[in-house]
Amino acid sequence: MAKVSNMKAINLACFEEFAHDDKVIVIGEAVGKKGGAWGYFTGLQAKFGANRMLDMPIAEPAFCAFACGTTLAGYRPIVEFMFADFVTIGLENIMNMAAKQRYNSGGVNSCPIVYLLPQGGGASGSQHSQSVEAWMSNMPGIKIVAPTFPGDMKKYLQASIRDDDPVVFIFQRAIFGLAEEVPDNLPVPGSLLNASRVVKEGKDVTIVAYQRALINSIQAATELEEEGISVEIIDPIVLRPLDTAKMFASVKKTGRCLIVHEAPKIGGFGMQISALIAENCLNDLVKPIVRLGGKEQPIAFGKACDLYMFPKVEEIKDQIRALVR
Amino acid sequence: MTQVIVPTLGQTNLDVTIEKWFKNVGDTVKEGEPLYELSSEKLTQEIEAPVSGTLTKIYKQVGETAANGDLLAEIE
Amino acid sequence: MNLSNEQLLEIYEYINYARCMGERLEYFIKTGKILGAIHLPKGQEGLQAGLIMTLMDARKNGIKINTNPHTRDQALMSKLIGLQPYADEMLCKTSGINGGTSGEYHMTCVEKGFLPAQGVLGPVWGQNAGYAWALKDQGKTNEVVWGIYGDGASSRGDAWEAMNIAALFKVPMVFIVVNNGWAMANPVEKEAPVQDLSLRAQGSGMRGITVDGNDPIAVFEAMVEANKLAMGGEPNLVEFKVTRWGGHFLGDNQEVYRDTSFLKHLDEIDPVLNYHKKLLAMGLVKQEDLQRVHDEQDAIILKAYEDGMNKPAPTVAEICDPNKVYGGAY
């Protein structure tokens, strides 16, 4: 057992999967000797060889297509985007090629690609700070995984690599350093189903949140215990296919639901969660569902980015209080 | 008897207008000869007779609209 | 390259097959039997015959060709996987190579060398370069990959990126550019600042040559050499110049954007007729052989499509089968 950060969790998952299946490769920019711009591939090339760490020129559209080509021959590529914001450059070959690869073959060809997307704020402004989970959520054929904690990060990256479908694996830069005790031989889930977990138990309000919004929600809930408010928090971990069992059970218990994410609300993934809860738990709700999201504008550069652009602990506390009034 | 069916040209199923008949009911037609002309918002196209024979029936006249798959004429 | 009489006659069969494919598809569209939006191959039969000959010759020599169609490659691709499964898929029947839900635009059969066709222009060269890399990584030295694009598609950013990546990784791939002078309604002079698109290979350090695509023998010779280079670690580009006779698809009124006076002199540029005259002069065929071989090939294509039309379409359950969408648990 050791204290493992999110960054380290990604690295450990890659090492284990590279050893588990020699068809796992990495495709991206500066992934070989440098270990990727963020360093989570550090050591892989030295151990497993350069023929499994493909350093690509700056050509996301073509190297996403290239990744699909390798899957036709049985490879399982991890495709890294330096910033989640740049997924737009490769979107064509994620949405129009990878998402349809299986269907267009009548179910014969699989497309086991994992796209690594480091997202979210970090003082880097409008084109390097966005949250992108909703951008690809409206696409049958794609799975979306968005863990927050290192244990989940590790085992769900492994599960994503072993999954036969294209998985968009999104994690937040701002919590790269978040660390927790992670057991050495953490079992790998057999699928991406039933992934969500109750991070904090409570009885007055249900929060569904992920990544830094989840961290802030936990802090808000902890502080509100002093005011006698009990909050239950669900971490979905996998957004598509979304595991709704625990969040439905929670809302049935509390009757009040708050959804928090750092992406803006309009068109955000919270809309999907909100609709599902409304459709399934209407009779249990005593207050309308509330969503909190990032500002409806491009993200400002520098400190303003983190100070003003995303839901803060105080804002979350205010919403919780409003729900229990 | 061969049915003459309104084709789908291009990628949209737009209704077509019959612009011209090159032959009248009772005329002999030869396979490959222009038989009629259709138009839609995006295109005009001459269509040839699919077989040789006698044009026995015309179901849509010049200026009338037809949908893709509609029966247009018969050749015996 | 010295072709035997058998080989020359084999090409004669293929060039007629390609002509008949175009004629029959046009016939089926105009009689409402097939939905439109098929890009007809008329005028480009010389290229098709040369590519088919290369495919068949490769098979005789234990070489597997892996490719996918651009547009107007129905003749080649039907030879790759078999005419019946090809026709059935184009007709969207369950017996089609992909169960009838892919149609002409999205066909694939990796096992037979038919890499996924893509309906969007741009990704194919990258996808195929990835497959070629995998072949090299797996030591499959008797396989080669072709990526076929038109003069328009090769403008896409991904196309340039793919050449770059293929050259860097030295994959066994031949980039084929079919330059028929028209990117739908855009003439190639407005699509590219250079006359010979083979020049683009130079930017990636690859050899690029321009070949007359109307001459099936020239096509065959160029492709045999290109394959050899590619399998030896030198990806390369071959540009074939051909003439597109019809509009972009059947129903496209090309008179509004193109000088179609050439249609009055088709006999002069007809690749089928010109090849026939060549063999006639050599004494390999008689005058009446052209119609005879044409009709033989037409009968084969007609039967395949008519049989296909009588086959069942996929059921709703088959179309909406979740196992076709996801391989992992969902």
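Residues numbered from 1 in each chain as written. Chains lettered and ligands numbered in written order. Predicted model: local features only at pLDDT ≥ 70, side-chain atom pairs only at ≥ 80, totals over all residues. Heavy atoms only, no water.

In this section: the sheet that holds strand S10 (residues 205-209) of chain A. Residues and elements named next belong to chain A. Taken in spatial order, the 5 strands of this open sheet run S9-S11-S10-S13-S14, and their pairing is mixed. A single partner strand is all that each edge strand has here, and the edge strands are strand S9 (197-200) and strand S14 (290-294). Between one strand and the next, the sheet's axes are offset by a mean angle of 25°, whatever the strand orientation. Pairing between S10 and strand S11 (residues 231-235): 4 bridges, direction parallel. When the bridges of S11 are listed, Val 208 appears paired with Ile 234. (Pairing = 2+ DSSP bridges. Helix = DSSP H or I, 4+ residues; strand = E, 2+ residues; numbered from the N terminus. Axes fitted to C-alpha atoms, helices over the stretch in contact; angles between N-to-C directions.)

Residue and element names in this part refer to chain A. The geometry of helix H6 (residues 212-224) relative to helix H10 (residues 313-324) is characterised by a closest axis approach of 9 Å and an angle of 60° between their N-to-C directions. Taken together, H6 and H10 sit at an angle that is classed as oblique. Classified by chirality, the crossing of H10 by H6 is right-handed. Together, Ala 213, Asn 216, Ser 217, Gln 219, Ala 220, Glu 223 and Leu 224 of H6 and Val 313, Glu 314, Ile 316, Lys 317, Ile 320 and Arg 321 of H10 make up the contact between the two elements. Residue composition of the contact of H6 with H10, grouped by class: 6 nonpolar, 3 polar and 4 charged. (Parallel < 35°, antiparallel > 145°, perpendicular 65-115°, else oblique. Left-handed = near helix turned anticlockwise from the far one by under 90°. Contact = heavy atoms within 4.5 Å. Nonpolar A, V, L, I, M, F, W, Y, C, P; charged D, E, K, R; others polar.)

Turning our attention to the state of the cysteines. All names here are of chain A. According to the stated counting rule, one finds 0 disulfides over all chains in the structure shown. Cys 281 takes part in no disulfide bond, and the closest cysteine sulfur to it belongs to Cys 257, at a distance of 8.2 Å. For Cys 281, a relative accessible area of 0% corresponds to the buried category. (Disulfide = S-S within 2.5 Å. Buried < 20%, exposed > 50% of the residue type's maximum accessible area, 1.4 Å probe, protein only.)

With that out of the way, let us pick up the domain arrangement of chain A. Residues and elements named next belong to chain A. Partitioning chain A into structural domains gives domain 1 (2-182) and domain 2 (197-324). For the pair domain 1 and domain 2, the summed buried area comes to about 2300 Å², and 60% of that belongs to carbon and sulfur atoms. For domain 1, the biggest contributors to the area lost against domain 2 are Ala 123, Glu 133 and Phe 149; these three give 20% of the whole. Scanning the region where domain 1 abuts domain 2 turns up 1 salt bridge. (Domains from an automatic or database assignment. Buried area = accessible area lost by both parts, 1.4 Å probe. Salt bridge = Lys/Arg side-chain N within 4 Å of Asp/Glu carboxyl O.)

Glancing now at the interface of chain C and chain A. Between chain C and chain A, the contact holds 38 residues from the first and 42 residues from the second. Interface area for chain C against chain A, summed over the two sides, is near 3300 Å², with a carbon-plus-sulfur share of 61%. Taking the shortest distance from any N to any O, the salt bridge between C:Arg156 and A:Glu92 comes out at 3.6 Å. In this structure, the connection of chain C to chain A is made through 18 residue pairs in polar contact (both at pLDDT 80 or more). For the side of chain C that touches chain A, the secondary-structure elements that each account for two or more residues are helix H5 (123-137) and helix H6 (157-169) of chain C. Take the side of chain C that touches chain A: its biggest share by element is 9 residues, from H5(C). Here the residues of the side of chain C that touches chain A are counted per class, giving 19 nonpolar, 14 polar and 5 charged. (Polar contact = N/O pair within 3.5 Å; in protein donor to acceptor, adjacent residues only side chain to side chain.)

Counting contacts across all 2 pairs of chains found in contact, the highest total belongs to chains A and C. Between chain A and chain B there is no contact; the minimum C-alpha to C-alpha separation amounts to 19 Å.

This brings us to the side chain of C:Asn236. Residue and element names in this part refer to chain C. Along the polypeptide, Asn 236 turns up in strand S7 (residues 236-241). Among the polar contacts made by the side chain of Asn 236, one reaches the main-chain carbonyl oxygen of Ala 226 at a distance of 3.1 Å. A distance of 3.1 Å separates a polar side-chain atom of Asn 236 from the backbone oxygen of Glu 234.

What follows is about helix H11 (residues 289-309) of chain C. With 21 residues, H11(C) extends 30 Å between its outermost C-alpha atoms, agreeing within 8% with the 30 Å of an ideal straight helix rising 1.5 Å per residue. Close packing links the buried residues of H11(C) with helix H1 (5-30), helix H4 (83-90) and helix H10 (271-281) of chain C. (Expected span 1.5 Å × (residues − 1).)

What follows covers the pattern of salt bridges. Within the structure shown, the criterion is met by 32 salt bridges over all chains. B:Glu33 is the partner of B:Lys23 in a salt bridge, and the nearest nitrogen-oxygen pair spans 3.6 Å. Pair noted here: B:Lys23 is in the loop between strand S2 (16-21) and strand S3 (28-29) and B:Glu33 is in the loop between S3 and strand S4 (34-39), with a separation of 10 residues, a long-range link. A residue is classified by how much of its surface remains accessible, and B:Glu33, at 30% relative accessible area, is partly exposed. For C:Asp289, the salt bridge goes to C:Arg292, with nearest N and O atoms at 3.2 Å.

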